[in-house]
Amino acid sequence: MSRKTALAIALLLVFGSWLAFATPRPILNLMASVEPSVEVGAQLVATAGCRDCHRIDGTGASKGPDLAGVTAKLSEDELRSWLEDPSGGMPNPRLSDTEIDAVILYLVDLDGS
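One structure accompanies this document, and this report is about it. (Residues numbered from 1 in each chain as written. Predicted model: local features only at pLDDT ≥ 70, side-chain atom pairs only at ≥ 80, totals over all residues. Heavy atoms only, no water.)

1. Thoughts on the overall build of the protein
Applicable threshold: Counting from the N terminus, the helices are the DSSP runs of H or I reaching at least four residues and the strands are the DSSP runs of E reaching at least two. For the exposure calls, accessible area comes from a 1.4 Å probe over protein chains only, and a residue counts as buried if that area is under 20% of its type's maximum, exposed if over 50%, partly exposed in between. Note on contacts: a residue pair is in contact if any heavy atoms of the two residues lie within 4.5 Å. Note that accessible areas follow from Shrake-Rupley with a 1.4 Å probe, and for residues the cover is restricted to the protein chains shown. Neither His nor the chain termini are counted; the positive set is Lys and Arg, and the negative set is Asp and Glu. For charged residues, the charge sits on one atom: NZ in Lys, CZ in Arg, CG in Asp, CD in Glu.
Of regular secondary structure, the protein possesses six helices and two strands. From first element to last, N terminus to C terminus, the protein shows the α and β order α-α-α-β-β-α-α-α. Considered along the principal axes of its C-alpha atoms, the protein spans approximately 60 × 30 × 20 Å. Among the 113 residues that make up the protein, the fraction classed as buried is 23%. Partitioning the contacts of the protein with sequence separation of at least 6, the portion at a separation of at least 24 is 57%. On the protein, roughly 7,300 Å² of surface is accessible, and the fraction owed to carbon and sulfur atoms is 61%. Positive and negative side-chain charges in the protein, numbering 9 and 15 respectively, have mean positions lying 14 Å apart.

Next up, the structure:
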């Protein structure tokens, strides 16, 4: 294998890893666009493993905050900001804008807001 070929393969691997683990928001929005709804939000909460750390609707772990009443404590903009770029020990769920909309709709629905 030539040096140029090895370099090209290495660059492709680095770029592919970057896309897989730090996908930029515009690409996420293209790849993971959904029709926001309460049902889609519920599915995303389940598939993203949110209950591995949070109690949501009475079920889940207590490593992170209980999300009961979270929509009364935080505005939708604050929730969106948190889900786009979480801090502390929360892993980034890598959600598109429409997926975030769906999760927020689900949380609002749970809180009866």
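2. Re the state of the cysteines
Should the sulfur atoms of two cysteines be covalently bonded, the bond is a disulfide. Put simply, the test is: Disulfides are defined in this document as cysteine sulfur pairs within 2.5 Å.
Counted according to the given criterion, the structure contains zero disulfides. Not part of a disulfide, Cys-50 finds its nearest cysteine sulfur in Cys-53, a span of 8.8 Å. Residue class for Cys-50 comes out partly exposed when judged on its relative accessible area of 23%.

3. Brief notes about the packing of helix 3 (residues 38-47) against helix 6 (residues 97-111)
Two quantities define a packed helix pair, namely the angle between the axes and the distance from one axis to the other. Formally: Axes, fitted as lines to C-alpha atoms, cover a helix only where it is in contact. Angles between the N-to-C directions of the axes lie from 0 to 180 degrees. Small angles under 35 degrees read as roughly parallel and large ones over 145 as roughly antiparallel, with 65 to 115 read as roughly perpendicular and the rest as oblique. All residues other than Ala, Val, Leu, Ile, Met, Phe, Trp, Tyr, Cys, Pro, Asp, Glu, Lys and Arg, Gly among them, are scored as polar; the first ten of these are nonpolar and the last four charged.
At a closest axis distance of 7 Å, the pairing of helix 3 and helix 6 adopts a crossing angle of 100 degrees. Judged by the inter-axis angle, helix 3 sits roughly perpendicular to helix 6. Listed contacts from helix 6 to Val-38, Val-40, Gly-41, Ala-42, Leu-44 and Val-45 of helix 3 are Glu-99, Ala-102, Val-103, Leu-105, Tyr-106 and Asp-109. Each residue belonging to the contact of helix 3 with helix 6 can be placed in one class, and the counts come to nine nonpolar, one polar and two charged.

4. Notes on the side chain of Glu-99
Applicable threshold: We call two N or O atoms a polar contact when they sit within 3.5 Å, provided that within protein one can donate a hydrogen and the other can accept it, with sequence-adjacent residues counted only if both atoms are side-chain atoms.
Residue placement: Glu-99 occurs in helix 6. With a relative accessible area of 10%, Glu-99 lands in the buried category. At a separation of 2.8 Å, a polar atom in the side chain of Glu-99 contacts the main-chain amide nitrogen of Ser-96. With sequence-adjacent residues up to four places away left out, Glu-99 is seen in contact with Ala-32, Val-34, Leu-44 and Arg-94.

5. Overview of the nonpolar core
The tendency in soluble globular proteins is for nonpolar side chains to be buried side by side. Note the cut-off: In this text, buried Ala, Val, Leu, Ile, Met, Phe, Trp, Tyr and Cys residues form a nonpolar core when linked through side-chain atoms within 4.5 Å.
Of all hydrophobic cores here, the largest spans 16 residues; its most connected members are Leu-44, Val-103, Ile-104 and Leu-107. Those elements giving two or more residues to this core turn out to be helix 3, helix 5 (76-84) and helix 6. The greatest single-element share of this core, amounting to seven residues, is contributed by helix 6. The contacts of Ile-104, once residues within four sequence positions are left out, are Glu-76, Leu-79, Arg-80 and Leu-83.

Bear in mind that shape data such as this cannot, by itself, settle questions of function.
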